Amino acid sequence: MESPGTEILTARERGLVACRRCAKVWPMGRDTCDRCGSALHSRDWRSLQRVWAWLVVGIICYIPANLFPMLRTTMLFNTSESTIVGGAIDLATHGNLGIAVVILVASVVIPVGKFLAIGYLALSVRRPERLRPKQRHKLYHVVEFIGRWSMIDVFVVAILSALVQLNFAASIRPGPAAITFALSVIFTMLAAISFDPRLIWDKSGSERTTR
């Protein structure tokens, strides 16, 4: 158990570097891991460029995902379209409040929260932050964990499209928003994966390395 006054040193401060593929620890100065052959990098500062690129593309795809229809429902000769928020409102007005809340949380709250969290983490490694490194590292793991649940709206559309196909009488088909929403989720997941969480543990954003 660490005492309250004990200073926590990072592997980099001890002159060590870990392989991100096999987790083998090597002395600083090696270029490749002898176990798996991967390139060794103490910090990957170029990962921030990839994070911002994926994040911006994800936000761009998320905008039409909320403007265009997610579902196209055909009943006989009548066709109706509904967006994510519009579909949730329709469910709530018909008494399915629980399902409406789940869709809003998975399709609006979680994606927007991921955008903000990833952007905050990318900015926090450049300057001192109020949140301690341990708290920011937990935030990173939360973003990684909840990323897969953002696809629930696309799953609902896919299931409904497969089940409700009654020839000419009724059919449900995905709208253009289903594609852009799926792309937005994928791009934000790539942004989270591209982030190098080891940057969180540096004492300041000036601790860079060219390796």
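Residues numbered from 1 in each chain as written. Predicted model: local features only at pLDDT ≥ 70, side-chain atom pairs only at ≥ 80, totals over all residues. Heavy atoms only, no water.

Caption draft 1: Summary view of the side chain of S124. Mapping S124 onto the fold places it in helix α3 (residues 97-124). Look at S124 and you get buried, because its relative accessible area is 2%. One polar contact links the side chain of S124 to the main-chain carbonyl oxygen of L121, over a distance of 2.8 Å. (Helix = DSSP H or I, 4+ residues; strand = E, 2+ residues; numbered from the N terminus. Buried < 20%, exposed > 50% of the residue type's maximum accessible area, 1.4 Å probe, protein only. Polar contact = N/O pair within 3.5 Å; in protein donor to acceptor, adjacent residues only side chain to side chain.)

Caption draft 2: Spatial organisation of the packing of aromatic side chains. Per the stated rule, a full pass over the model turns up four aromatic pairs. Centroid distance W54 to F187: 5.6 Å. Interplanar angle 20 degrees. Geometry classified as stacked. A residue pair is termed long-range when its members are at least 10 positions apart, and W54 in helix α1 (residues 47-67) and F187 in helix α6 (residues 176-194) qualify at 133 residues. Accessibility expressed as a relative area gives 30% for W54, which makes it partly exposed. Between Y62 and F115, the ring centres sit 5.5 Å apart and the planes meet at 75 degrees, which makes this aromatic pair edge-to-face. Residue Y62 is located in helix α1, and its partner F115 is located in helix α3; the two are separated by 53 residues in the primary sequence. Of the residues examined, Y62 reaches a relative accessible area of 10% and is grouped as buried. Taking relative accessible area as the criterion, F115 reaches 11% and is therefore assigned buried. (Phe/Tyr/Trp six-rings, centres within 6.5 Å; stacked < 30°, edge-to-face > 60°.)

Geometry only, nothing functional implied.
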